[in-house]
Amino acid sequence: MSLFPAFASESAPEKQPCDSPQWLQNPSFSIDVTGAPEKPPEEESPRADSPEPKKRKKKHKHKDKPVVEDSKLEEEGFIVDTVRTKEYLTVKTIARPSAPRYSVRYHVTGARTGRKRKKIKRYYHWSFLVVDQKEGEEEVITEKNRDSLEGSKKDENFAGFKQEEDLSQTTATYNKKLAESPHDIKLWLEYVNFQDMVYQFEKTYRKGSIAKGLRVLAERKLAILDKALSHNQNCEELLRERLNVAVSIYPSDELQIQLKNLVDKDQGNIILWQGYIESIQCSMSHCNTPSVLDLYTKCLSILHKLRRNSSMEKAQLEENILKMLYQCGLFLKQAGLFEQLWTLLRLYLELNLSPSDKNKFNIGTGFDEKQLVELEEVVFNSQLPLHELWLRTEKLREACHWLPWMEDGECEDPQRLVFPDDVAELIHPITMPENTFRLIATILTLLKVPILFCRHSTMQDLGLDYVPWALDSIESLIAIFLPLYPIDLTNKNFIIDNRLSVGPQYLKVLPGQEEYLNFVLTTMKSCTECLSGDDKIAMTVWWLRFQKLLIILEKQNRFKMPQGLAKKIKSNVKNLLKQEENRSNTIFYCEYALIEYELGNPETCLSIIQTALSFHKPSLASFSAEKTAHCHLHRTLVEVCLNQGKDSDALKYLICYALEKPIESISDDLLNQTTLKFKHVTLQLLETELQKLPVANQFLPNFFTDWIICNGWFLCLTKGAIQCGTFLENILSNLDEKCEGMLWQKEVLYEFYVAVLFKYCVANPGFGVFKILDDVLTRAIELYPNNLFLLAVLAKEQSITSCAGSQWWKLKSLLIKTGRAFPILFLVLIANQQMLETQETYIETFSGRKYEISDSHKNRMLALFRHITRPEMCTRRCGLVWRLYLQFVHAYFDSTLCRNVYFCAVEECPWLKALYIDAAIYIPAELAQIQDLLIEKQLRIHVTPEELDVLRS
């Protein structure tokens, strides 16, 4: 029955069978039910009684999905990544909190068993240090178990996989070697330096904070050094390296606390004391004169008490007292407190050299104060700018007032009033005779007298090579101009600027120059009169060489000699030789002959040497001081002839000396006899054991070295420089086998070896010997980095070879890795020399003008200065390096950079007055701040701003 009547007439639909629903006939649901083809009979499923088990057929989704071949994708620029790379999980492509956090955990079906992951020690620990491993302790990675441990799986797809493997192998090698020889100091230091390579690897491949990485690197080095010190207690090299690492990374306050605790535990350790004092002295916020002097006073008093209560370590403690005296004197000198410095040094001299004559070292200046007043009036009437007025007045008074006020009447400058009580707590007796010469050498060095000859072994034995901030002015460098061998090392482009000298001084023409030079020479002579034996002879030789150096400097236009000084030098030497005890001293005659040679009288020089040879004629078979002096005279005679180009005369003198008889002409028979004699005596000398020389004897002739040098010159003149080099190589290898360490004799032989090769290279530039010279120079400088002769030859070689010499990176690597201030300073001077030579040599083709310094040269110099003033470099606190840096940026860059360099310099060297004076020249706008800092740090200031205003008005 229909609901609507209109549709009632329609016929009712036919009933469908119940097993065929109507919706299946809907066109929207149509399927192909023709069915799949019937299975072949062989594929029918087996029966239930079949022995084979029933297999469930696998179902594959997306069966009909088309597969694209990899080759087609590669053609279109796509690659299917089928290997996972774990490093991608560490890349932070989206910053938090935008990136979602995922926490994925996997659990094995069944009961969960708690399992603690084992801790694994880092690679810088040593497996040979762990004896037993208890339960709960960290497990050490070894060669056997590293692959089985969790977290140690190798990922060969890692970008730095090969480098990491190499570093691991190198670390394992170091561990094995150190386990076998834990007392090898050089190996420990190499392992410490190797950590820098590890840091570079981590910086490249393991991204992270640079500051944090540096801190980790420093702590890693400290851990290694602590372990090294546990095997080698009180090793100076390891202690200094540990101190340098700590200084480079820890802030000033934290460093002071650490070092104070260490000093309290080990009060006799000089290196810890030096580090503790420098942590305050080199801190801009803590440095001021009274606080630093209090620390020096405390240190010296503790060392004195320990020496008094100890009998075993008395010599070492006394050497430490001299070292701290040197460091304290450097601080006073560089702070401008010369009145206090001389009072301190005078009391040491009176106490230890002339206790009976207290007026022996009361040396006056001889300067007329009226002359200074007149000069100041000229300055104030010149109407110069304010900074120029202050600078000129300050420099004038600095050059003239270096002694305390000793006259009657009132003193206008209260800082000139220095009494013995002000420095009494710094005075301590030097009781051991062998330390007397060390004391005098320390005092003369503080008075700006260079060590002559300046050798690494000598500086080390005098205790003067360990303070990198000792160099603040140029006087220490002028020793390179004193010749040791008959080679020409004059180099006009090797500039040692007199403007870098600090008053009081004797190099630059200023009021007070002559008076200070006389003061220094008088002090040296007074010290000589208080000595005896070899110490007295050595001190006299030093005095004569210093006067000879002044003559040479004037010849090279590097020094203006005061009027009448040359005549005074000759009369001083003659008066010395007239004394009864010196009339037969051939060493003094030899030095006098060399002075005559430098004054331009070579014939007089030869005549004096031959006269001295007639005094004594000892046999070569004897062992006496006369034999040593006789050999030295012959060596000097030969080298004077070589300097004049008289090679045949030099050879004749060598034959006469070896055969001990005069000859008229040279023959083959005489040459053969001389060769045999030299060979015989040399073999005898090599069979005897060399002894370490006392430091005073290093200023005197030595028979072993002089004989080897005479033998070397004979071989050089008869068979050539290469044969001479072979002879010296055999001698040096023999000494290396017999005597470990840096002997003074070996250093002298290296000097001679370099001199022979250099002389041959200059005479025969196209014979390819420069490569041999470079190799020998490199070896010698690595062993003796403070030897100024070797460094001077290196500078001259660079000047001669120009672009054909050692590449810049090799030169830089050689000198910087020495870790000493002298070689790094020479690197700066050589770079400056190359700039000047480029300017002189090259001319522009079209305009004909001289070549101007290019930006590449300027940038190379700037990069060098930035490198050598890094925190890890020893020269970061070298005053002369910062002064050269300031001078360079002022000449070639803008005032902003100059101001930035000044701020960095005073941050590292806040006690150095010369820096503030230079800054007043280069950045006069900062004058008020500079004066405030000088007053705040209580450094020496001769003219205060208030006094300057009064004087101007």
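As a reminder, the structure under discussion sits directly above these lines.
Residues numbered from 1 in each chain as written. Predicted model: local features only at pLDDT ≥ 70, side-chain atom pairs only at ≥ 80, totals over all residues. Heavy atoms only, no water.

A. Quick peek at the overall build of the chain. A count of helices and strands for the chain gives 35 helices and zero strands. Taking contacts inside the chain between residues at least 6 apart in sequence as the whole, the part at least 24 apart equals 70%. Looking at the chain as shown, the accessible area adds up to about 51,500 Å², and 52% of this sits on carbon and sulfur atoms. (Helix = DSSP H or I, 4+ residues; strand = E, 2+ residues; numbered from the N terminus. Contact = heavy atoms within 4.5 Å. Areas by Shrake-Rupley, 256 points an atom, 1.4 Å probe, with all protein chains shown as cover.)

B. Focus on the nonpolar core. The biggest cluster of nonpolar side chains holds 297 residues, and the ones touching the most others in it are W390, W542, F546 and W707. Not counting residues up to four positions away in its chain, the partners in contact with W707 are L620, C631, Y657, K677, F678, V681, T682 and L685. (Core = buried A, V, L, I, M, F, W, Y, C linked by side-chain atoms within 4.5 Å. Buried < 20%, exposed > 50% of the residue type's maximum accessible area, 1.4 Å probe, protein only.)

C. Examining helix α16 (residues 533-555) more closely. If you check α16, its first and last C-alpha atoms are 34 Å apart, about what 23 residues at 1.5 Å a residue would give, namely 33 Å. Backbone geometry just downstream of α16 places N557 in the positive-phi region, at approximately 60°. (Expected span 1.5 Å × (residues − 1).)

D. Expanded view of the packing of aromatic side chains. The final tally for this structure, using the stated rule, is 31 aromatic pairs. Between Y902 and F903, the aromatic rings sit 5.3 Å apart at their centres with planes inclined by 45°, giving tilted as the arrangement. We classify F903 as partly exposed; its relative accessible area is 32%. Three or more aromatic residues joined by ring pairs make a cluster, and in this case those are F338, W342, W402, Y506, Y516, F519 and F546. (Phe/Tyr/Trp six-rings, centres within 6.5 Å; stacked < 30°, edge-to-face > 60°.)

E. Geometry of the packing of helix α22 (residues 668-687) against helix α24 (residues 721-738). Orientation of α22 relative to α24, taken along the N-to-C sense of each, is 20°, at an axis distance of 11 Å. Classified by the angle their axes make, α22 and α24 are roughly parallel. Here α22 and α24 pass one another in a crossing that is right-handed. In contact with T682, L686 and E687 of α22, α24 contributes F727, I731, N734 and K738. For the contact of α22 with α24, the class distribution of residues is three nonpolar, two polar and two charged. (Axes fitted to C-alpha atoms, helices over the stretch in contact; angles between N-to-C directions. Parallel < 35°, antiparallel > 145°, perpendicular 65-115°, else oblique. Left-handed = near helix turned anticlockwise from the far one by under 90°. Nonpolar A, V, L, I, M, F, W, Y, C, P; charged D, E, K, R; others polar.)

F. Expanded view of the side chain of T674. Within the element layout of this structure, T674 appears in helix α22. Judged by its relative accessible area of 0%, T674 falls in the buried class. Side-chain polar atoms of T674 contact the backbone oxygen of L670, separated by 2.7 Å. Look past the residues within four positions of T674 in its chain and what remains in contact with it is L654, I655, A658, L659 and F714. (Polar contact = N/O pair within 3.5 Å; in protein donor to acceptor, adjacent residues only side chain to side chain.)

G. Spotlight on the pattern of salt bridges. All told, the structure shown has 42 salt bridges when counted by the stated rule. E388 is paired through a salt bridge with R392; the nearest N and O atoms lie 3.3 Å apart. Of this pair, E388 and R392 both sit in helix α12 (residues 386-400), four residues apart, which is roughly one turn of that helix. Here E591 ties to R545 by a salt bridge, and the two come within 3.5 Å at their closest N and O atoms. Here E591 is found in helix α18 (residues 586-598), whereas its partner R545 is found in helix α16, with 46 residues between them in sequence. By relative accessible area, which is 4% here, E591 ends up buried. (Salt bridge = Lys/Arg side-chain N within 4 Å of Asp/Glu carboxyl O.)

H. Quick peek at the state of the cysteines. Under the counting rule described, the total for this entry stands at zero disulfides. The closest cysteine sulfur to the non-disulfide-bonded C716 is located on C724, 5.3 Å from its own sulfur. The cysteine C909 is free of any disulfide, with C282 supplying the nearest cysteine sulfur at 6.8 Å. (Disulfide = S-S within 2.5 Å.)

I. Just unusual backbone geometry, in detail. Look at the link from L452 to F453: it is a cis peptide, with omega at 5°. You can see F453 is positioned in the loop between α13 (436-446) and α14 (456-462). Even without being a glycine, Q383 presents a positive backbone phi close to 55°. The topology assignment puts Q383 in the loop between α11 (369-380) and α12. Classification of Q383 as exposed rests on a relative accessible area of 75%. Residue K448 is not a glycine yet carries a positive backbone phi of 75°. With respect to the helices, strands and loops of the structure, K448 is situated in the loop between α13 and α14.

J. Layout of the packing of helix α31 (residues 879-892) against helix α33 (residues 913-922). At a closest axis distance of 10 Å, the pairing of α31 and α33 adopts a crossing angle of 5°. What the angle tells us is that α31 and α33 run roughly parallel. From α31, W882, R883, L886, Q887 and H890 reach across to α33, where they touch A914, L915, D918 and Y922.

K. Structural view of helix α23 (residues 703-718). Relative to the 22 Å expected for 16 residues at 1.5 Å per residue, α23 spans 22 Å between its end C-alpha atoms, a close match to the ideal helical length. A large share of α23 lies buried, amounting to 13 of its 16 residues. With a side-chain oxygen positioned 3.3 Å from the backbone nitrogen of F704, the residue opening α23 is N702. Within two residues after α23, G720 carries a phi angle of roughly 110°, on the positive side.

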